[in-house]
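# A closer look at the structure
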Amino acid sequence: MLQELNIPTGFIALIKECVTTATYTLNLNEDSFGWFKGQRGLRKGDPLSPLLFTICMEYLTILLAYTTSTMKFRFYPLCKSMKLSSLMFADDLLLFSKGDVDSIMILLRTFSTFSQALGLQMSRGKSNVYFNGVYSEVRREIVQVSGCIEGKLPFKYLGVPIKPSKLSIKDCQPLIDKVLDRIRQLGTKKLSYAGRLVLIKAVYRTLHSYWASIFIIPKAVLLKIEASAAELSGMEGLRTEWENYNPPQDASWTWKKVCKLKKEFQPAYHQNKWAMVPGKEYTIKKGYRWLRQNSQDVSCLDSSCCICAQEEESPRHLFFQSAIWQRVLQRIQEWTGVTMSDANTQNWWQHKRFTRLENGILNSILNAAMYYIWKQRNASRHEGVIISPGRCVVMIQGDIRNRIRQQLQGTMSRKDKHWIEKIMQ
């Protein structure tokens, strides 16, 4: 195996010497007794063991890649686009396939070949097979041919639950319990409010970030953790203190302004509820509208377009009728090779039949064009800086090409492939 991976002969000889000449001693009552040679090479816990195991698993990965691509193997639906058939961590191995006997037999034959070559055997008593949407007759047949125990979903792997669907609140209960247990152990009630807040954030970030890097955690779970953490740490009294708080005389002007705004807002938001519209949730937009309900609108002194200075500025004029939009659109047509029959409407991409891929990319180009024209408008209005249409198109092309490189996967038709090559030039 090492020779097939083109590892130098001298390095292979050093590894072989470590495996074949390992000796051990026993420590009893702080004294060492005897030296004896190991009969099976490296023992569990040896620093060299995981590295050699990884090299052995590389052989299994190569076998699986070959058998799943050449035989009538059917991938698990969620793994088909990635052609994923296995995941490994330490001495744990997960194999994925469609729930049919033929695919399972291919995996078993591949693992049998691997076992015969390297001597690593599957512990069938500790191995489980999990099903999702498979008929009971097929399940029994697969369990019989594999010799494994049928398990139930979800199961834990690396401390997190594994299931084919989204996590529910019940599945995330271990995460909630871990966060709350950690807060209880730290004894946050002896700290100040600021210290409690820092401590809760540290615990929440370390435990939650691991799960969030793998799954999309339901919003209800996050809210439950926050509410329970505030109750355990005594933070629930902080809201009452804030409602009755008054800034000191030597406070900064900014802080006094914030506290003044808090007093103005109290009639609208009372006892953690949006009092202005019962039964409706509070939003920043609703709060802003309520605060300015008695204020007068201030009209802009100059309502003309800051780019062309010819017509009154409006979203329709800026994005679909202005001179800069026409020039940017013309260069986009030259770049993409797509001719727009009506450049003055937002639905210009619907005037021609496109493939799904083309339609998605053209929509992204339109959004990017509107974004950079809006940036040019702001730069011209507030900073007096003018960006040329050519520069806008260059930035649009850069964003679209980066998006294509990051997200474009799988096979595509010859027409789409030819068009993508033109876009990426």
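Please refer to the structure placed before this passage.
The residue numbering used here restarts from 1 in each chain and proceeds along that chain's sequence as written. Only residues with pLDDT of 70 or above have their local features reported here, since the model is predicted, and side-chain atom pairs are shown and tallied only from 80 upward, although totals for entire chains, interfaces and linings are computed over all residues. With hydrogens and water set aside, each side-chain value is computed from the structure's full complement of heavy atoms.

## Here we look at the overall build of the protein
Note the cut-off: Numbering of helices and strands runs from the N terminus, with a helix taken as a DSSP run of H or I at least four residues long and a strand as a DSSP run of E at least two residues long. In this description, contact between two residues means that some pair of their heavy atoms is separated by no more than 4.5 Å. Reported accessibility uses the Shrake-Rupley method at a 1.4 Å probe radius. Residues are deemed covered only where the shown protein chains occlude them.
Helix and strand counts for the protein stand at 15 helices and 10 strands. Pairs at least 24 residues apart make up 50% of the contacts formed inside the protein by residues separated by at least 6 positions. Carbon and sulfur atoms provide 54% of the accessible area of the protein, an area that totals close to 29800 Å².

## Re the nonpolar core
Condition: Buried Ala, Val, Leu, Ile, Met, Phe, Trp, Tyr and Cys residues form a nonpolar core when they are joined through side-chain atoms within 4.5 Å. Whether a residue is buried, partly exposed or exposed follows from its accessible area with a 1.4 Å probe, protein chains only, as a fraction of its type maximum: under 20%, in between, or over 50%, in that order.
Judged by nonpolar contacts, the single largest core of 27 residues is most densely connected at Trp325, Val328, Ile361, Ile365, Ile396, Ile400 and Trp419. Counting residues per element, the ones that place at least two in this core are helix H11 (315–321), helix H12 (323–336), helix H13 (356–383), helix H14 (389–407) and helix H15 (414–424). Top element by residues in this core is H13. It accounts for 8 residues. With residues near it in sequence (within four places) discarded, isoleucine 400 still touches Trp335, Ile361, Ser364, Ile365 and Ala368.

## Considerations on the environment of glycine 34
Mapped onto the secondary structure, glycine 34 falls in strand E2 (residues 31–37). Residue glycine 34 is classed as partly exposed on the basis of its relative accessible area of 48%. Residues contacting glycine 34, with those up to four places away along its chain left out, are Tyr24, Thr25 and Leu26.

## Points about the pattern of salt bridges
Applicable threshold: The rule for a salt bridge is simple: a side-chain nitrogen of Lys or Arg has to be within 4 Å of a carboxyl oxygen of Asp or Glu.
Tallied over the entire structure, the rule returns 2 salt bridges. Linking aspartate 100 and arginine 74 is a salt bridge whose minimum nitrogen-to-oxygen distance equals 3.9 Å. Taken together, the residues aspartate 100 in the loop between strand E4 (92–95) and helix H3 (101–118) and arginine 74 in the loop between helix H2 (49–70) and strand E3 (86–89) connect sequence positions 26 residues apart. Note that glutamate 150 is salt-bridged to arginine 139, the shortest N-O span being 3.3 Å. Placement of the pair is glutamate 150 in strand E6 (residues 149–150) and arginine 139 in helix H4 (residues 136–146), with a sequence separation of 11 residues. With a relative accessible area of 26%, arginine 139 lands in the partly exposed category.

Worth remembering: the numbers are spatial, not functional.
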